[in-house]
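Listed here are the chains, written in short residue letters.
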Amino acid sequence: EDQVTQSPEALRLQEGESSSLNCSYTVSGLRGLFWYRQDPGKGPEFLFTLYSAGEEKEKERLKATLTKKESFLHITAPKPEDSATYLCAVQADSWGKLQFGAGTQVVVTP
Amino acid sequence: DAGVIQSPRHEVTEMGQEVTLRCKPISGHDYLFWYRQTMMRGLELLIYFNNNVPIDDSGMPEDRFSAKMPNASFSTLKIQPSEPRDSAVYFCASSLDPGQPQHFGDGTRLSIL
């Protein structure tokens, strides 16, 4: 059975304290891995798509990487506005269907 | 650009009542998705459409749930009769094609008393 596991469940950071979030997956035939951020009371907001092992994407203080078994979301020198729940999702055998992990709740304090 | 628009934002109703959730996808997006988010189960895909046709409804929990897409700019998710365990946040998302990112609305928070 396909599985997507995110760790840690929650992360508390001081402003400027860099860290990484993990998304491990066991799926057959990965087509794409997606990262989203979700703010309270809002829908998930798209961040990155990664399609093949070794691929990297960057946006401001965020950088996503992909291997054959996991993806990392690195947050460099975070600011309070980076506080959110970060979700990863995989698209495997069936185009269109996304399977989401449970998310990592990140709190960045000044 | 207008994003995915969902209505209502909040719905509180009593058990046994019919509930209808509405979604307007981003113009030009051929794929529309309905998700449900709960603390226990996270974000789950219920059903998705391509060009107004349902493609996969394997995530629809029971026959009490039904979804329609009468045209390219409108979709509904209906629950009849509703039960307290249906309480959740329901999201609609759309995408240009199945490999492209899905863009989400802000959801409908549904409470069944």
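Structure: see above.
Residues numbered from 1 in each chain as written. Chains lettered and ligands numbered in written order. Predicted model: local features only at pLDDT ≥ 70, side-chain atom pairs only at ≥ 80, totals over all residues. Heavy atoms only, no water.

Just checking my understanding: could you explain the pattern of salt bridges for this structure?
When their charged atoms lie close together, side chains carrying opposite charge are able to pair. Residues and elements named next belong to chain B. Tallying each qualifying case throughout the model produces 14 salt bridges over all chains. With a closest N to O distance of 2.8 Å, R64 and E62 form a salt bridge. For E62, a relative accessible area of 25% gives the class partly exposed. Residue E62 is joined to R85 by a salt bridge in which the shortest nitrogen-to-oxygen separation is 2.9 Å. Placement of E62 in the loop between β6 (53–56) and β7 (65–71) and of R85 in the loop between β8 (74–79) and β9 (88–95) is noted, with a sequence separation of 23 residues between them. (Salt bridge = Lys/Arg side-chain N within 4 Å of Asp/Glu carboxyl O. Buried < 20%, exposed > 50% of the residue type's maximum accessible area, 1.4 Å probe, protein only. Helix = DSSP H or I, 4+ residues; strand = E, 2+ residues; numbered from the N terminus.)

For this particular structure, what's the right way to read the interface of chain A and chain B?
One frequent convention defines the size of an interface as the accessible area lost when the parts assemble. Taken together, the 18 residues of chain A in the interface contact 18 residues of chain B. Between chain A and chain B, the buried area comes to about 1,500 Å², and carbon and sulfur atoms account for 54% of it. The tally of links from chain A across to chain B stands at 2 salt bridges. K97(A) is the partner of D56(B) in a salt bridge, and the nearest nitrogen-oxygen pair spans 3.2 Å. Our count for the chain A to chain B interface comes out at 7 residue pairs in polar contact (both at pLDDT 80 or more). Only β4 (32–38), β5 (45–50) and β9 (84–91) of chain A provide two or more residues apiece to the side of chain A that touches chain B. For the side of chain A that touches chain B, the element with the highest residue contribution is β4(A), accounting for 3 residues. (Contact = heavy atoms within 4.5 Å. Buried area = accessible area lost by both parts, 1.4 Å probe. Polar contact = N/O pair within 3.5 Å; in protein donor to acceptor, adjacent residues only side chain to side chain.)

In this structure, what is going on with the sheet that holds strand β1 (residues 5–7) of chain B? I would like to understand it.
The pairing of strands in a sheet comes from backbone hydrogen bonds and takes either a parallel or an antiparallel form. All names here are of chain B. Strand order in this open sheet of 4 strands is β1-β3-β8-β7, and the pairing throughout is antiparallel. The open sheet has two free edges, formed respectively by β1 and β7, since each of these has just one partner strand. Strand-to-strand twist across the sheet, computed as the mean angle between neighbouring axes with direction ignored, equals 20 degrees. Two strands pair when backbone bridges link them, and β1 and strand β3 (residues 19–24) are joined in this way by 3 bridges, in the antiparallel orientation. Residue pairing in the sheet places I5 in a bridge with K24 of β3. (Pairing = 2+ DSSP bridges. Axes fitted to C-alpha atoms, helices over the stretch in contact; angles between N-to-C directions.)

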